[in-house]
Amino acid sequence: MSRSVLVTGGNRGIGLAIARSLADAGDKVAITYRSGEPPKELSDRGVLAVKCDITDQEQVEQAYKEVEDVHGRVEVVVANAAINRDQLLLRMTEEDFTAVLETNLTGTFRVVKRASRGMLRARNGRIVLISSVVGLSGSAGQVNYAAAKSGLVGFARSVARELASRNITCNVVAPGFVDTDMTRALGEERRAEIVGQVPLGRYAQPEEVAAVVRFLASEDAAYITGAVIPVDGGLGMGH
Ligand code: NDP
């Protein structure tokens, strides 16, 4: 079955691994990218790349139009795009707080709301949100990021309840520490400290998160909705 899939922030990191995985499974995949050029391997795989900043409602609408023109209405959406601006509470500016909420939470709202339109009409759909272990455990220096990631859980469970009668599921994946640009920015000392706290003793590879997203998007996961699935090497121990 080849479905129309949209992955936000699919030009690198976890989003890229998700796009690869679903394209390899035979889906018609589109990704959004915000800056730079999407990697050539995506066009080689037949993945459509559309430019979109999820903080801008008009760009979200335009991206959906482009995807629908080529692949038809979106049947699976993976809200993955996010930023972090880490700082201790006392030093965190309101601008850093709201920028992270605006991208990670309100941006996801824009993307999911637009996807739900077509899904409701079709009485079918899969929504997967990428949260984080820190949304449930909290994290010093990340009050903005953890608040947004925690907010996604309440968001997803409300969407799951609203849309369940139309055969639309909405689930959350909560990764622990994954080897991407976001965590490479932490520096060696902090990275070693983190690994020491993870029972499995290593970072996840983006493909290990993608495999869970692929499952939640599949027919096999038809009876799972409103769930938070950790992919964290035991860091949260199921929260
Ligand atoms: P990266 O920083 O590697 O990639 C983030 C992606 O989001 C990029 O494609 C980026 O685009 C895009 N993006 C950021 N802001 C916007 C915006 N306003 N509009 C559109 N796209 C945007 O992150 P990861 O791959 O590491 O993370 C992916 C997801 O997984 C995120 O939700 C993150 O919070 C979550 N996560 C990551 C963990 C980790 O350890 N890496 C752990 C737990 C959760 P651009 O290239 O233009 O910057």
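Anyway, here's the lowdown on the structure attached to this text. (Residues numbered from 1 in each chain as written. Predicted model: local features only at pLDDT ≥ 70, side-chain atom pairs only at ≥ 80, totals over all residues. Heavy atoms only, no water.)

## Regarding the side chain of Asn144
In step 1: Mapped onto the fold, Asn144 is located in helix α6 (residues 143-163).
In step 2: On the basis of relative accessible area, Asn144 is assigned to the buried category, the value being 0%.
In step 3: Here the side chain of Asn144 touches Asp96 through a polar contact of 3.2 Å, landing on its backbone oxygen.
In step 4: Leaving out residues up to four positions away in the same chain, Asn144 has contacts with Arg85, Met92, Asp96, Phe97, Val100 and Leu101. (Helix = DSSP H or I, 4+ residues; strand = E, 2+ residues; numbered from the N terminus. Buried < 20%, exposed > 50% of the residue type's maximum accessible area, 1.4 Å probe, protein only. Polar contact = N/O pair within 3.5 Å; in protein donor to acceptor, adjacent residues only side chain to side chain. Contact = heavy atoms within 4.5 Å.)

## A short note on the site of the ligand
In step 1: Taken together, the neighbourhood of the ligand is formed by 29 residues, with Asn11, Arg34, Ser35, Tyr145 and Thr180 sitting nearest.
In step 2: Within the side chain of Asn11, one N or O atom sits 2.6 Å away from an oxygen atom of the ligand.
In step 3: Residue Ala82 places a main-chain N or O atom 3.4 Å away from an oxygen atom belonging to the ligand.
In step 4: Here the ligand loses 96% of its free accessible area of 900 Å² to cover by the protein chains.
In step 5: Elements supplying a minimum of two residues to the shell around the ligand: α1 (13-24), α6 and α7 (181-184).
In step 6: The leading source of residues in the shell around the ligand is α7, at three residues. (Near = heavy atom within 4 Å. Areas by Shrake-Rupley, 256 points an atom, 1.4 Å probe, with all protein chains shown as cover.)

## Describing the nonpolar core
In step 1: Among the nonpolar cores identified, the biggest contains 31 residues, and Leu6, Tyr64, Val77, Ile127, Leu129 and Cys170 are the most heavily contacted of them.
In step 2: For this core, the elements supplying multiple residues, two or more each, are α3 (57-71), β4 (76-79), α4 (94-122), β5 (125-130), α6 and β6 (168-175).
In step 3: Sorting elements by how many residues they give to this core places α6 first, with seven residues.
In step 4: Those residues within four positions of Leu6 in sequence are excluded, and the remaining contacts are Ala30, Ile31, Thr32, Tyr64, Val67, Val74, Val76, Val77 and Val78. (Core = buried A, V, L, I, M, F, W, Y, C linked by side-chain atoms within 4.5 Å.)

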